[in-house]
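# Reading the structure
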Amino acid sequence: MSTTIAGIKIPDSALARATTEYIRDIESDLLYHHSRRVFLFGALSGERQQLAYNPELLYVGAMFHDLGLVEGYRSADERFEVDGANAAAAFLKPYGLSDDDIEQVWLSIALHTTPGVPKHLRPTVALVTAGVEMDVLGMDYAAFSSTQREAVVHAHPRGEGFKECIICAFADGLRHRPHTTFGNVKADVLVDQEPGFKPMNFVEVIRKSPWIS
């Protein structure tokens, strides 16, 4: 049976059901419930903005967006966003989606920590980021009614200490590859969580390049 939360219907296609089962088996409760909230807040944002988005693509992007943090899915040298995007693309191929649809999902995951860019792209990309920014950062919090917020959190609880727990989840997925946070908001996580971590500095990279001048 389909489920509706805060007026948003959870996609119930074969692909959506397979996505739910796949992520539920792999991710912690923290990341699973966060990902479902990302979909719901992203969809609510899309409804409010009257965007013509594809709920199924948005759902897959939301559910896979943090998979690159999970042991077994995180690489040694790629950004975690790219790991998640690659995993989603591989997962989608057997379902016969177009290259364009797969690229939308890939970009929605790969760019979700790149502020200021996704909102200018297609709805699938823009709304995954909107959902992440609402659930993690509280951006546009007041644009969602208290009824909507309460319905989403009732269905998928934040639990005690979500703020600190999600920071720890980010750090756990990144501390073995700190160089991948260069130019990324996640550098702030390692500055906070890893004593002695010094992020790469763009200006220093320019000055230390092999060019003479």
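No experiment lies behind these values; they were computed from the predicted model shown.

Our next topic: the overall build of the chain. On a plain count of helices and strands, the chain comes out with 10 helices and two strands. For 213 residues, the compact-globule formula gives about 17 Å, and the C-alpha radius of gyration of the chain, at 18 Å, lands near that figure. Of all 213 residues assigned to the chain, the portion counted as buried reaches 45%. For the chain, the share of sequence-separated contacts (at least 6 apart) that also reach a separation of at least 24 residues comes to 65%. Only carbon and sulfur atoms are counted for the fraction: they give 55% of the accessible area of the chain, which is about 11200 Å². Charge-centre separation for the chain: the mean point of 20 positive side chains lies 4 Å from the mean point of 28 negative side chains.

Okay, the UniProt feature "domain: HD" (unreviewed entry) in the chain next. Residues annotated in UniProt with the feature "domain: HD" (unreviewed entry) correspond here to residues 32-119. Secondary structure content for residues 32-119 is 60% helix and 0% strand, and the end C-alpha separation is 24 Å.

Time to look at the side chain of Thr124. Assignment of secondary structure puts Thr124 in helix α6 (residues 123-137). The exposure class assigned to Thr124 is buried, which follows from its relative accessible area of 2%. Looking at Thr124, its side chain comes within polar contact range of the side chain of Gln104, at 3.2 Å. In contact with Thr124, not counting residues within four places along its chain, are Leu57, Leu58, Gln104 and Ser108.

Taken together, the side chains of Phe182, Met200, Phe202, Val205 and Ile206 define a hydrophobic patch exposed on the protein surface, amounting to about 480 Å² of accessible area. Inspection of the secondary structure puts Met200 in the loop between α9 (187-193) and α10 (202-207). A relative accessible area of 46% places Met200 in the partly exposed class.

All right, on to the environment of Thr181 then. Looking at where Thr181 falls in the secondary structure, it is placed in the loop between α8 (162-174) and α9. Every residue in contact with Thr181, bar those within four places of it in the chain, is listed here: Leu174, Lys186, Ala187, Leu190 and Phe197.

A few words now on α6. In this model, α6 (15 residues) spans 20 Å end to end at C-alpha, consistent with the 21 Å of a helix rising 1.5 Å per residue. For α6, a buried count of 11 out of 15 residues is recorded, marking the element as mostly surrounded by other parts of the structure. Within α6 the residues assigned to the buried category are Thr124, Val125, Ala126, Leu127, Val128, Thr129, Ala130, Gly131, Val132, Met134 and Asp135. Buried-residue contacts for α6 involve α2 (29-49), α3 (55-64), α5 (99-110), α7 (146-155) and α8. Gly138 sits one or two residues past α6 and shows a positive phi near 75 degrees.

A separate point is the pattern of salt bridges. The tally for this structure, following the rule as stated, stands at 10 salt bridges. Measuring nitrogen to oxygen at the nearest pair gives 3.7 Å for the salt bridge that ties Arg17 to Asp12. The exposure class of Arg17 is partly exposed, given its relative accessible area of 41%. Residue classification places Asp12 among the partly exposed positions, given a relative accessible area of 35%. A single salt-bridge network, built from bridges that share partners, covers Arg37, Asp135 and Arg158.

In this section: the nonpolar core. Membership of the largest hydrophobic core comes to 53 residues, with the highest contact counts inside it found for Ile8, Phe39, Leu40, Leu58, Phe64, Leu92 and Val105. When residues in this core are grouped by element, the largest group, eight residues, is from α2. Once residues within four sequence positions are removed from consideration, Leu58 is found in contact with Phe39, Gly42, Ala43, Tyr53, Thr124, Leu127 and Val128.

Reading the values: rules and limits
Counting of residues starts from 1 at the beginning of each chain's written sequence and follows it residue by residue. Only residues with pLDDT of at least 70 get local features here, since the model is predicted, and only at 80 or more are side-chain atom pairs given and counted; chain-wide, interface and lining totals rely on the full set of residues. The basis for the side-chain values is all heavy atoms of the structure; hydrogens and waters are excluded. Under the scheme used here, helices are H or I runs from DSSP no shorter than 4 residues and strands are E runs no shorter than 2 residues, and both carry numbers assigned from the N terminus. The size measure is the radius of gyration over C-alpha atoms, and the globule rule it meets is 2.2 Å times the number of residues to the 0.38 power. Think of it in three bands: residues with accessible area under 20% of the maximum for their type are buried, residues over 50% are exposed, and the middle band is partly exposed, with areas taken using a 1.4 Å probe on protein chains only. Should any heavy atoms of two residues lie within 4.5 Å, those residues are considered in contact. What sets the accessible areas is the Shrake-Rupley method with a 1.4 Å probe; for residues, cover comes only from the shown protein chains. All tallies of charge rest on Lys and Arg as positive and Asp and Glu as negative; His and the ends of each chain are not included. A charged residue contributes its charge at one atom only: NZ of Lys, CZ of Arg, CG of Asp or CD of Glu. UniProt positions are given in the numbering used here, feature names are shortened, and annotations may be inferred rather than shown by experiment. Polar contact criterion, stated in full: a pair of N or O atoms within 3.5 Å, where within protein one must be able to donate a hydrogen and the other to accept it, and residues adjacent in sequence count only if both atoms are side-chain atoms. What goes into a patch is any residue over 30% in relative accessible area without a salt bridge, connected to like charges within 9 Å or, for nonpolar side chains (Val, Leu, Ile, Met, Phe, Trp, Tyr), within 5 Å. A pair is scored as a salt bridge if a Lys or Arg side-chain nitrogen falls within 4 Å of a carboxyl oxygen belonging to Asp or Glu. In this analysis, the expected span of each helix is defined as 1.5 Å times one less than the number of residues it contains. The term nonpolar core refers to a set of buried residues drawn from Ala, Val, Leu, Ile, Met, Phe, Trp, Tyr and Cys, joined through side-chain atoms within 4.5 Å.

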